[in-house]
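Coordinate inspection notes
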Amino acid sequence: MTPLVHASVEVIENVQVARQTYRIRLRCPALARAIRPGQFVMVRLSGHSDPLLGRPFALYDTVLDEGGQPVGIDVVYLIVGKATGLLSKHRQGDQLDVWGPLGNGFPDLKALDHIALVAGGIGQTPFLAYVRALLGARGYGGRSVQRTAQRVSLYYGVRSSDLAAGVADFLAAGATVHLASDDGTLGFRGFVTELLAGHETPQHLVGCGPEPMLHALAQLAGSWNVPCHLSLETPMACGVGICFSCVTRVRTAEGWDYRRVCVDGPIFDATDLVWS
Ligand SMILES: Cc1cc2nc3c(=O)[nH]c(=O)nc-3n(C[C@H](O)[C@H](O)[C@H](O)COP(=O)(O)OP(=O)(O)OC[C@H]3O[C@@H](n4cnc5c(N)ncnc54)[C@H](O)[C@@H]3O)c2cc1C
Ligand code: FES
């Protein structure tokens, strides 16, 4: 098991990348060496009692020094409330409390010709590091570099074009990008799952985004008979399995039971989830 890093870390930069959306770069070599795609960190605002609790954010990517050694991490976040609003005010040199790596991360897959990653809203954030890992461009968590997919497609849906963040990063990483927007200002007009349904069937699907999108993706995967993993973004208080604020329902031999998304997830096999 990867040891938990809990540290006060320095903000290297915090730049706006889309409407209400920022990429924050944190100096944290020990965490950057250990974290894998699909895992997340908890970020707490140092010196603040409101909000008191940390907030979970996916690894966007690791930051490497000139010698290729991991020295930091990038997190991309959308302002939705108090913590993310205050986070956007942080400047170079400010400190944040951070703990991680947390969660199970994306599963190890056998060699694939084509995998499709499907993102809605701010759900693209866990996928950049995953694209690099799948295409064998970067190793994470001390693992050796190994290419497991010949082709990676990103299907990315946003409400409107000015909320699309990181498209150039995904193209530079080697993904084929298909865009959708609710209002038609970017790419296909409609839901990202509708866009995906009109394309070739991949061998594996991975999704992250709002629950209705994940549910639609799970149904599409079922109709295609394609394996599908989903990354849940359930609100969390502790991130380490203590408070049970993050539970989701999964199928069991007896019916269903609760699982903590922070330690048993955030990635689940879509066929294990019970939809409300
Ligand atoms: C494993 C994981 C990874 C995540 N990765 C990212 C990421 O990379 N980038 C990013 O922007 N966000 C990510 N999130 C969501 C992020 O944690 C929340 O947006 C954040 O906690 C909001 O904090 P706040 O204080 O700004 O908002 P709050 O004041 O706590 O909430 C504001 C509003 O947003 C709603 N809300 C809060 N959290 C969530 C949530 N998780 N899902 C749906 N609605 C919510 C609240 O109900 C409320 O209406 C992730 C969540 C999880 C569980
Ligand atoms: S967030 Fe506390 S148990 Fe999951």
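Residues numbered from 1 in each chain as written. Chains lettered and ligands numbered in written order. Predicted model: local features only at pLDDT ≥ 70, side-chain atom pairs only at ≥ 80, totals over all residues.

Here we have 7 strands laid out as an open sheet, ordered S4-S3-S7-S1-S2-S6-S5, and antiparallel in their pairing. Each having just a single partner strand, strand S4 (55-58) and strand S5 (61-64) make up the two edges of the open sheet. Shown here is a sheet whose adjacent strand axes are inclined to one another by a mean of 40°, direction ignored. As paired strands, strand S1 (residues 5-18) and strand S2 (residues 21-27) are joined by 7 bridges and run antiparallel to one another. Paired with Glu 10 across the two strands is Arg 27, which belongs to S2. (Pairing = 2+ DSSP bridges. Helix = DSSP H or I, 4+ residues; strand = E, 2+ residues; numbered from the N terminus. Axes fitted to C-alpha atoms, helices over the stretch in contact; angles between N-to-C directions.)

The buried fraction of strand S9 (residues 149-158) is high, at 8 of 10 residues. In terms of strand pairing, strand S8 (residues 112-120) meets S9 through 8 bridges, oriented parallel. Directly across from Leu 117, in S9, lies its bridge partner Leu 154. Pairing of S9 with strand S10 (residues 176-181), which is carried by 6 bridges, proceeds in the parallel orientation. (Buried ≥ 20, exposed ≤ 12 C-beta atoms within 10 Å, placed from the backbone.)

Spatial strand order, S11-S10-S9-S8-S12-S13-S16: 7 strands in an open sheet with mixed pairing. Every other strand in the sheet has two partners, leaving strand S11 (188-189) and strand S16 (267-269) as the edge strands with one partner each. The strands that helix H6 (residues 211-224) touches are S8, strand S12 (204-208) and strand S13 (228-231); relative to S13, the one it contacts most, it runs at about 175°. (Contact = placed C-beta atoms within 7 Å.)

Look at H6: 20 Å from first C-alpha to last across 14 residues, which is about the 20 Å you get at 1.5 Å a residue. Tucked inside the fold, the buried residues of H6 contact S8, helix H5 (192-197), S12 and S13. Asn 225 occupies a position one or two residues after H6 and carries a positive phi of about 60°. (Expected span 1.5 Å × (residues − 1).)

Let's shift gears to the site of ligand 1. Taken together, the neighbourhood of ligand 1 is formed by 22 residues, with Arg 55, Gly 81, Ala 83, Thr 84 and Thr 125 sitting nearest. Mapped onto the shell around ligand 1, the elements with two or more residues apiece are S4, strand S6 (70-78) and helix H2 (82-87). When grouped by side-chain class, the residues that make up the shell around ligand 1 number 15 nonpolar, 4 polar and 3 charged. When residues of the shell around ligand 1 are sorted by domain, at least three fall in each of domain 1 (5-102) and domain 2 (112-233). (Near = placed C-beta within 6 Å. Nonpolar A, V, L, I, M, F, W, Y, C, P; charged D, E, K, R; others polar. Domains from an automatic or database assignment.)

Turning our attention to the pairing of S5. Note: S5 against S6, 4 bridges, orientation antiparallel. From the neighbouring strand, Val 63 faces S6, where its bridge partner is Gly 72. Joining the antiparallel neighbours S5 and S6 is a turn of 5 residues, in which Gly 68 adopts a positive phi near 85°.

Our next topic: the nonpolar core. Core analysis: the biggest nonpolar cluster contains 79 residues, and Val 41, Val 98, Leu 117, Val 118, Val 131, Leu 154 and Leu 217 have the highest contact counts within it. Here this core spans two domains, and each of domain 1 (5-102) and domain 2 (112-233) adds at least three residues to it. In this structure, Val 98 is in contact with Ala 7, Val 9, Leu 26, Cys 28, Leu 31, Val 41, Met 42 and Val 43, ignoring residues within four places of it in sequence. (Core = buried A, V, L, I, M, F, W, Y, C linked by C-beta atoms within 7 Å.)

Bringing the domain arrangement of the protein chain into the picture now. Under the domain assignment used here, the protein chain contains domain 1 (5-102) and domain 2 (112-233). A straight line from the C-alpha centre of domain 1 to that of domain 2 covers 22 Å. Counting from both sides, the interface comprises 17 residues of domain 1 and, opposite them, 16 residues of domain 2. Those elements that place two or more of their residues in the side of domain 1 that touches domain 2 are S1, helix H1 (29-34), S5 and S6.

Below, the discussion takes up the environment of Pro 227. Structurally, Pro 227 is set in the loop between H6 and S13. When the C-alpha atoms of Pro 227 and Gly 207 are compared, they prove to be 11 Å apart, with 20 residues separating the residues in sequence.

Assignment of secondary structure puts Ala 168 in helix H4 (residues 167-173). We classify Ala 168 as exposed; it has 10 C-beta atoms within 10 Å.

We now examine unusual backbone geometry. The omega torsion of the bond from Gly 100 to Pro 101 falls at -5°, within 30 degrees of zero and hence cis. Counting through the fold element by element, Pro 101 comes out in strand S7 (residues 95-102). Of note, the amide linkage connecting Gly 265 to Pro 266 takes the cis form, showing an omega dihedral of 15°. Its location among the elements puts Pro 266 in the loop between helix H7 (261-264) and S16. In this structure, Gln 20 is a non-glycine residue whose phi angle is positive, near 60°. Tracing the backbone through its elements, the reader meets Gln 20 in the loop between S1 and S2. What makes Gln 20 partly exposed here is the crowd of 16 C-beta atoms within 10 Å. In the Ramachandran plot, Phe 244 falls in the positive-phi region, its phi being about 60° despite a non-glycine side chain.

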